[in-house]
Amino acid sequence: MTRTTHHFLKMNGLGNDFVVLDLRREPLALTDALARAIADREKGVGCDQLITIEEPRNGGDAFMGIRNQDGGTVEACGNAARCIGRLILDETGKDAVVIETLGGNTVATRAGGEEITVDMGEPRLKWDQIPLSEEFRDTRGIELEVGPLGNPIMHSPGVVNVGNPHAVFFVDDADAIELDRIGPMLEHHPLFPERANISVAQVLSPTHLKLRTWERGVGLTKACGTAACASTVAAIRRRKTERKITVSLPGGDLTVEWREADNHIYMTGAAALDYEGDLDPAKMLAGTA
């Protein structure tokens, strides 16, 4: 009898939650529609991102595929990298594993307890690497304002690519910004041809940022690992913080370091397994799961 269900893991990094499918063991024709159905919190399993573990493509230990709630494929996800890193570390027994993504390779190591450190690589800082639709020589703060002329609510975001594009606005009070209203407009702003993740960052001290993020294709999220990395880089470039800081997100804290020695960003935080189960793709597509 042909098996019609597929095993999944439900994992999270600081509340940024994932459905994980291991396609190395159970192949599945994953369409945008099926990804949306699985991610649906009412009719599916429900998650911020659907994550696939696949055979490595370039000599790493595994390839990680990432789809947002809207079904679209994205290049990188820091919180998911920690979760998949934990799984592959357990599976291989290695001290360090290479997780391949469309945005580049990520190296995962154990940091003690349930915490995992991932090497997110070097940030991309040139306007055409982010990418932007027009040239800005200085990406520490580009010309973009939100609100009335002469008295904007926020302005001059730093833009960074850490496997995916980010715009980071530094504000006095991150909680005061209506990110659920402003985020969708900025995500689709003409300056961002591939859309962008939009964050508001509040500097609490030279070693501490408070961060909220509107994630492209997802919406408001409890935690966005790549946004924490991008915001740290943006803050350091503006001389607002030191090179190793705590980033506080609605779901909890991450430690992020942009090392001078190798120009790489290192992010450390929790990677938790919530539960596991089986899903039926046909039923989910039909909305009867």
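Residues numbered from 1 in each chain as written. Predicted model: local features only at pLDDT ≥ 70, side-chain atom pairs only at ≥ 80, totals over all residues. Heavy atoms only, no water.

K.L.:
I keep staring at the environment of Trp258 and nothing clicks. Help me out?
P.N.:
Mapping Trp258 onto the fold places it in strand β16 (residues 252-258). For Trp258, a relative accessible area of 8% translates into the label buried. It is 17 Å that separates the C-alpha atoms of Trp258 and Cys224, two residues lying 34 residues apart in sequence. Residues contacting Trp258, with those up to four places away along its chain left out, are Pro123, Leu125, Val233, Ile236, Arg237, Arg243, Asn263, His264 and Ile265. (Helix = DSSP H or I, 4+ residues; strand = E, 2+ residues; numbered from the N terminus. Buried < 20%, exposed > 50% of the residue type's maximum accessible area, 1.4 Å probe, protein only. Contact = heavy atoms within 4.5 Å.)

K.L.:
Would you mind showing me how to read the side chain of Glu187 here?
P.N.:
Here Glu187 shows up in helix α3 (residues 179-187). For Glu187, a relative accessible area of 4% puts it in the buried group. A distance of 2.8 Å separates a polar atom in the side chain of Glu187 from a polar atom in the side chain of Trp214. Other than its neighbours up to four places away in sequence, Glu187 contacts Phe192, Arg195, Ala196, Ile198, Trp214, Glu215, Arg216 and Gly217. (Polar contact = N/O pair within 3.5 Å; in protein donor to acceptor, adjacent residues only side chain to side chain.)

K.L.:
What exactly am I supposed to notice about the packing of aromatic side chains here?
P.N.:
Aromatic ring pairs: the centre-centre distance and the angle between the two ring planes describe each pair. Tallied over the entire structure, the rule returns one aromatic pair. With centroids separated by 6.1 Å and ring planes inclined at 80 degrees, the aromatic side chains of Phe8 and Tyr275 adopt a geometry described as edge-to-face. In this pair, Phe8 is assigned in strand β1 (residues 6-13) and Tyr275 in strand β18 (residues 272-279), connecting sequence segments 267 residues apart. Phe8 gets classed as buried once you look at its relative accessible area, which sits at 6%. We classify Tyr275 as partly exposed; its relative accessible area is 39%. Across the ring face of Phe63, the terminal group of Arg57 is positioned such that the distance to the ring centre comes to 3.6 Å. (Phe/Tyr/Trp six-rings, centres within 6.5 Å; stacked < 30°, edge-to-face > 60°. Lys NZ or Arg CZ within 6 Å of the ring centre and 35° of its normal.)

K.L.:
Help me understand the environment of Thr117, please; the structure alone is not making it clear to me.
P.N.:
When you line up the elements, Thr117 lands in strand β7 (residues 115-119). Under the relative-accessibility criterion, Thr117 is labelled buried at 14%. Taking the C-alpha atoms as reference points, Thr117 and Ala96, 21 residues apart in sequence, are found 9.7 Å from one another. Setting aside anything within four residues of it in sequence, one finds Thr117 in contact with Val107, Ala108, Thr109, Ala111, Tyr266, Met267 and Thr268. A polar side-chain atom of Thr117 sits 2.6 Å from a polar atom in the side chain of Thr268.

K.L.:
How should α3 be read in this particular structure?
P.N.:
Since one α-helical turn is 3.6 residues long, residues separated by three or four positions face the same way. Within the sequence span of α3, burial applies to Leu179, Ile182, Gly183, Leu186 and Glu187. Seen along its axis, α3 keeps its buried residues to an arc of 130 degrees; they face one direction. Next to the buried residues of α3 lie β8 (145-146), β9 (154-155), β11 (165-170), β12 (197-205), β13 (208-215) and β14 (219-221). (Arc of directions from axis to C-beta.)

K.L.:
I keep staring at the pattern of salt bridges and nothing clicks. Help me out?
P.N.:
Scanning all chains against the criterion turns up 18 salt bridges. The salt bridge partner of Arg67 is Asp32, with a shortest N-O separation of 2.5 Å. Of the two residues, Arg67 sits in strand β4 (residues 62-68) while Asp32 sits in helix α1 (residues 32-39), which places them 35 residues apart along the sequence. In this structure Asp32 comes out as partly exposed when scored by relative accessible area, which is 39%. With a shortest N-O distance of 2.6 Å, Arg195 and Glu187 are connected by a salt bridge. Here the salt bridges do not stand alone but share partners, grouping Lys10, Asp17, Arg41 and Asp48 into one network. (Salt bridge = Lys/Arg side-chain N within 4 Å of Asp/Glu carboxyl O.)

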